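# Architecture at a glance
This is what each chain is made of:
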Amino acid sequence: MKRFLGDLFTRMGAGPAEFVRAGDWSLLDGLYYRFQKGDEIRRLFAALRRILIGYGSVEGFFRARYEGDTREAIWRLRQEIVGDDRDLLFFFPKGLPANPLKRWNLYLRWMVRKDEIDQGLWTFMDKKDLVIPLDTHLFKIGRCLGWTDRKSPSWHAAQDITGALRKISPEDPLKYDFLLCHRVGIGASCTGRRKEACATRCVLMKRGEFIEI
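Right, let's walk through the structure included here.

What counts, and where the lines are drawn
- Residues numbered from 1 in each chain as written.
- Predicted model: local features only at pLDDT ≥ 70, side-chain atom pairs only at ≥ 80, totals over all residues.
- Heavy atoms only, no water.
- Core = buried A, V, L, I, M, F, W, Y, C linked by side-chain atoms within 4.5 Å.
- Buried < 20%, exposed > 50% of the residue type's maximum accessible area, 1.4 Å probe, protein only.
- Helix = DSSP H or I, 4+ residues; strand = E, 2+ residues; numbered from the N terminus.
- Arc of directions from axis to C-beta.
- Contact = heavy atoms within 4.5 Å.
- Expected span 1.5 Å × (residues − 1).
- Polar contact = N/O pair within 3.5 Å; in protein donor to acceptor, adjacent residues only side chain to side chain.
- Patch = residues over 30% accessible without salt bridge, like charges linked within 9 Å, V, L, I, M, F, W, Y side chains within 5 Å.
- Areas by Shrake-Rupley, 256 points an atom, 1.4 Å probe, with all protein chains shown as cover.
- Salt bridge = Lys/Arg side-chain N within 4 Å of Asp/Glu carboxyl O.

## So, the nonpolar core
Core analysis: the biggest nonpolar cluster contains 46 residues, and F62, I81, F92, I132, L134 and L180 have the highest contact counts within it. Sort the elements by how many residues they give to this core and helix α8 (residues 155-168) lands first, with six residues. Of all hydrophobic cores here, the second largest spans 11 residues; its members include F4, L8, M12 and L31.

## So, helix α1 (residues 2-12)
Here α1 has its buried residues at F4, L8 and M12. Buried positions in α1, seen along its axis, are confined to an arc of 65 degrees and lie on one side of it. For α1, the exposed residues set more than 90 degrees away from the buried face come down to K2, R3 and T10. In this structure, the buried residues of α1 make contact with α2 (16-22) and α3 (38-55).

## Re the environment of I141
With respect to the helices, strands and loops of the structure, I141 is situated in helix α7 (residues 136-144). Residues in contact with I141, not counting those within four places in the same chain, are L180, V184, G185 and C190.

## Let's talk about helix α5 (residues 70-81)
With 12 residues, α5 extends 17 Å from end C-alpha to end C-alpha; this agrees with the ideal 16 Å at 1.5 Å per step. Within the span of α5, buried status applies to T70, R71, A73, I74, W75, L77, R78 and I81. Tucked into the core, α5 has its buried residues touching α3, α4 (58-63), α6 (102-112) and α8. Taking the backbone nitrogen of R71 as reference, a side-chain oxygen 3.0 Å away marks D69 as the first, capping residue of α5. With its phi angle positive at about 85 degrees, G83 sits one or two positions after the end of α5.

## Topic: the side chain of T148
Examined against the element boundaries, T148 turns out to sit in the loop between α7 and α8. On the basis of relative accessibility, which here comes to 6%, the residue T148 falls in the buried class. Within the structure, T148 has its side chain in polar contact with the side chain of D160 (distance 2.9 Å). Other than its neighbours up to four places away in sequence, T148 contacts F139, G142, R143, A157, D160 and I161.

## Observations regarding a nonpolar patch on the surface
On the surface, a nonpolar cluster with roughly 290 Å² of combined accessible area is contributed by M1, L5 and F9. Mapped onto the secondary structure, L5 falls in helix α1. Overall, the relative accessible area of 31% leaves L5 in the partly exposed class.

## What about the pattern of salt bridges?
Overall, the coordinates contain 14 salt bridges when judged by the stated rule. Note that D177 is salt-bridged to R109, the shortest N-O span being 2.5 Å. Of this pair, D177 sits in helix α9 (residues 177-186) while R109 sits in helix α6, and the two are 68 residues apart along the sequence. Of the two residues examined, D177 and R109, each falls in the buried class. R113 is paired through a salt bridge with D118; the nearest N and O atoms lie 2.7 Å apart. Take R113: its relative accessible area is 6%, and that puts it in the buried class. The network of salt bridges with shared partners includes R109, R113, D115, D118, D172 and D177.

Given below as structure tokens:
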């Protein structure tokens, strides 16, 4: 990721916004990251250009479609930018009810919350309305702690887990997202099942019992 971003920003020069507004994608030739190849990256930048020219920023574009429901706003955004075809699904997911929208919820966390990790650049949304960016680690933790009984990591599972976290921290339900994902999910190799090894690996365990975070 760092190598890709370094290459990307070198190609974009000192003014990324000016690069996007100019609309010359020839400098992106040969650029790729994992599953995203050059043609898709160029289409993504073309979409960003339409947003910047029309609304001045991604924030302005999202704010114009946000009415208190992040999922509905994301779906409206996709409909206007991409429409009904299968273009740019990785960045702009279709309106499928089960989709947990992990990448967008993570992006919103970065933009809305403000701490050592999150940037807090957007002020039109309240952090208490954010939804957990549900990945496989958080889903396993949520199952283990009884925060959800869903069988798969879906939008409903994300809402269940967010609701449980909201009871712990009503004004900032994503306060423990980074801790849970990295210290418990990744660091403790959480499998979603309570085992003897949890007592020594998991920071949520004390004297063999799970503690409230």
